[in-house]
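Here's the letter readout for the chains.
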Amino acid sequence: MTNNLEFNNGWQEAVIVVSDLNRIAKDLEIVGDWKILAEGELEQEQLKLWSLNDNAKGKYKLVRNPDTSKGYLRFIQLDNIEQEQIRPSGQIWESGGIFDLNFRVTDIEDKYKKLLARGWTAYNDPTEYDFGPVTVSEVLMVGPDGVCFALIERIAPPLEEDGEPYAISRTFNSTMIVRDIDKSFKFFKDKLGFNTVMEVLGHRLDAGPNVLGLAHNIVPNHAMNVYIVHPNGVTDGSIELLKLDDLEGRNFTPKAKPYNLGITSLRFPVTNIDQQYDDLKDKDVKPIYEPTTLEMQPYGKVKIFALELPEGGWVEYFEPLN
């Protein structure tokens, strides 16, 4: 499995802490044809890195779109600890933590209706709009524990077929709603060395139904500012920074802890992790803990460390040791 990792590239998997380990995993299995890749108990060393007490226990389930080697979801259920949702009843203009994960879909109306039938809600109906050079239909679905998935169907130009089965594709991008977009962008660019995939500043949607869930008559009044960043400048394991002008709400950054409920971190496979750690410290980035050896299936033993992002949520770097 480790031979398929794209080292020093985009994120390999997203970590989602849930109250029921099987709930969203089952939805992806039924609606998106996803499969379980690995499952089991969390090592106590992992829980110590999250500063949890000795009574804490955890188990995980790693799922993926079949026949893909990245874009995994690692669901984690923790017991004997106090938790809260990271973004309880959060709106798209409210900042802090990791807002969503993006998936490509076929027949978006079908996936939308099937997830609604399984108890999910949504910010909007599937809505078609132009974004840069492409036209898409998108819906933001909200599932258990406030987890948000953006389902996106490409309308034009046609998406080049990559051979993957994707009733619901692997997850390929993650959005963060930020208050200070310049600060976050500079962190990824100057500190982490990411490249810019897309820069869309001052973009305004037309009046009417919209993916932001805003009142139809006021949506043109609020410009979208977007940066998409990635280590190698592609949209595959990328991170999207979004700021809506003139709209403010709660700030969920203090709740974006690795043990709270929601999307907590994005994990990037790297080579020479000790050098990566030292390079970041030289740039005045303070990792949360030093590179630590853990068992993390399906990769075997890995060395891992974590960074806290400017507006909450973690980026983790890991290197398989097998």
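Right above here is the structure, for reference.
Residues numbered from 1 in each chain as written. Predicted model: local features only at pLDDT ≥ 70, side-chain atom pairs only at ≥ 80, totals over all residues. Heavy atoms only, no water.

Participant: Would you mind going over the nonpolar core with me for this structure?
Facilitator: As a rule of thumb, soluble globular proteins bury nonpolar side chains together. Of all hydrophobic cores here, the largest spans 78 residues; its most connected members are L73, F75, L101, F149, I239 and Y317. Look past the residues within four positions of I239 in its chain and what remains in contact with it is W11, N173, S174, M176, F188, F194, Y227, I228, V229, L266 and F268. In this structure, F99, L140, M224 and L244 belong to the second largest nonpolar core, which totals 24 residues. (Core = buried A, V, L, I, M, F, W, Y, C linked by side-chain atoms within 4.5 Å. Buried < 20%, exposed > 50% of the residue type's maximum accessible area, 1.4 Å probe, protein only. Contact = heavy atoms within 4.5 Å.)

Participant: Explain the side chain of S174 to me, please; I cannot follow it from the model alone.
Facilitator: As for its position among the elements, S174 is in strand β10 (residues 168-177). Residue class for S174 comes out buried when judged on its relative accessible area of 0%. Among the polar contacts made by the side chain of S174, one reaches the main-chain carbonyl oxygen of D100 at a distance of 2.9 Å. Discounting chain neighbours no more than four positions away, the residues touching S174 are W11, I98, D100, L101, S238, I239, E240 and L266. (Helix = DSSP H or I, 4+ residues; strand = E, 2+ residues; numbered from the N terminus. Polar contact = N/O pair within 3.5 Å; in protein donor to acceptor, adjacent residues only side chain to side chain.)

Participant: Could you clarify how one ought to interpret the environment of R179 in this entry?
Facilitator: Locating R179 in the fold gives a position in the loop between β10 and α4 (181-191). Owing to a relative accessible area of 40%, R179 belongs among the partly exposed residues under this scheme. In sequence terms R179 and G249 are 70 residues apart; their C-alpha atoms lie 9.7 Å from each other. Apart from the residues lying within four places of it in its own chain, the contact partners of R179 are S95, K243, G249, R250, N251 and E311. Within polar-contact distance, the side chain of R179 engages the backbone oxygen of G249 at 2.6 Å.

Participant: Explain the pattern of salt bridges here, please?
Facilitator: A pair can form between side chains of opposite charge whenever their charged atoms are brought close. Using the criterion set out here, one finds 17 salt bridges in the structure. Put simply, K114 and D110 hold a salt bridge, and the shortest N to O gap is 3.3 Å. On the criterion of helical spacing, the pair formed by K114 and D110 is a turn pair, its members being 4 residues apart in helix α3 (residues 108-117). Three or more residues are tied together by salt bridges with common partners; here these are E6, K70, R170 and D236. (Salt bridge = Lys/Arg side-chain N within 4 Å of Asp/Glu carboxyl O.)

Participant: Would you explain a negative patch on the surface in this entry?
Facilitator: Together, D278, D279, D282 and D284 make up a region of like negative charge exposed at the surface. Since its relative accessible area comes to 38%, D278 is described here as partly exposed. (Patch = residues over 30% accessible without salt bridge, like charges linked within 9 Å, V, L, I, M, F, W, Y side chains within 5 Å. Areas by Shrake-Rupley, 256 points an atom, 1.4 Å probe, with all protein chains shown as cover. Lys, Arg positive; Asp, Glu negative; His and termini not counted. Charge placed at Lys NZ, Arg CZ, Asp CG, Glu CD.)

Participant: I tried to follow the pairing of strand β8 (residues 134-142) on my own but got confused; where do I start?
Facilitator: Along a regular strand, successive side chains alternate from one face of the sheet to the other. Most of β8 is tucked away: 9 of the 9 residues are buried. The alternating pattern of β8 places V134, V136, E138, L140 and V142 and T135, S137, V139 and M141 on opposite faces, both of which are buried. Pairing of strand β6 (residues 121-122) with β8, which is carried by 2 bridges, proceeds in the antiparallel orientation. Residue A122 lies in a different strand from β8, and its bridge partner there is M141. Here strand β7 (residues 127-131) folds back onto β8 in antiparallel fashion, the turn holding 2 residues, of which G132 has a positive phi close to 65°. The pairing of β8 with strand β9 (residues 148-156) spans 8 bridges and is antiparallel. What sits directly across from S137, in β9, is E153. Hairpin connection of β8 to β9: 5 residues between the antiparallel strands, including D145 at a positive phi of 65°. (Pairing = 2+ DSSP bridges.)

Participant: Explain α4 here, please?
Facilitator: Given 3.6 residues per helical turn, the α-helix brings residues three or four places apart onto the same face. Along α4, the residues classified as buried are I181, S184, F185, F187 and F188. End-on view of α4: buried residues confined to an arc of 155°, all on one side of the axis. Among the structural elements, β11 (195-203), β12 (224-230), β13 (238-244) and β16 (301-308) are those in contact with the buried residues of α4. (Arc of directions from axis to C-beta.)

Just geometry here; none of it tells us what the structure is for.
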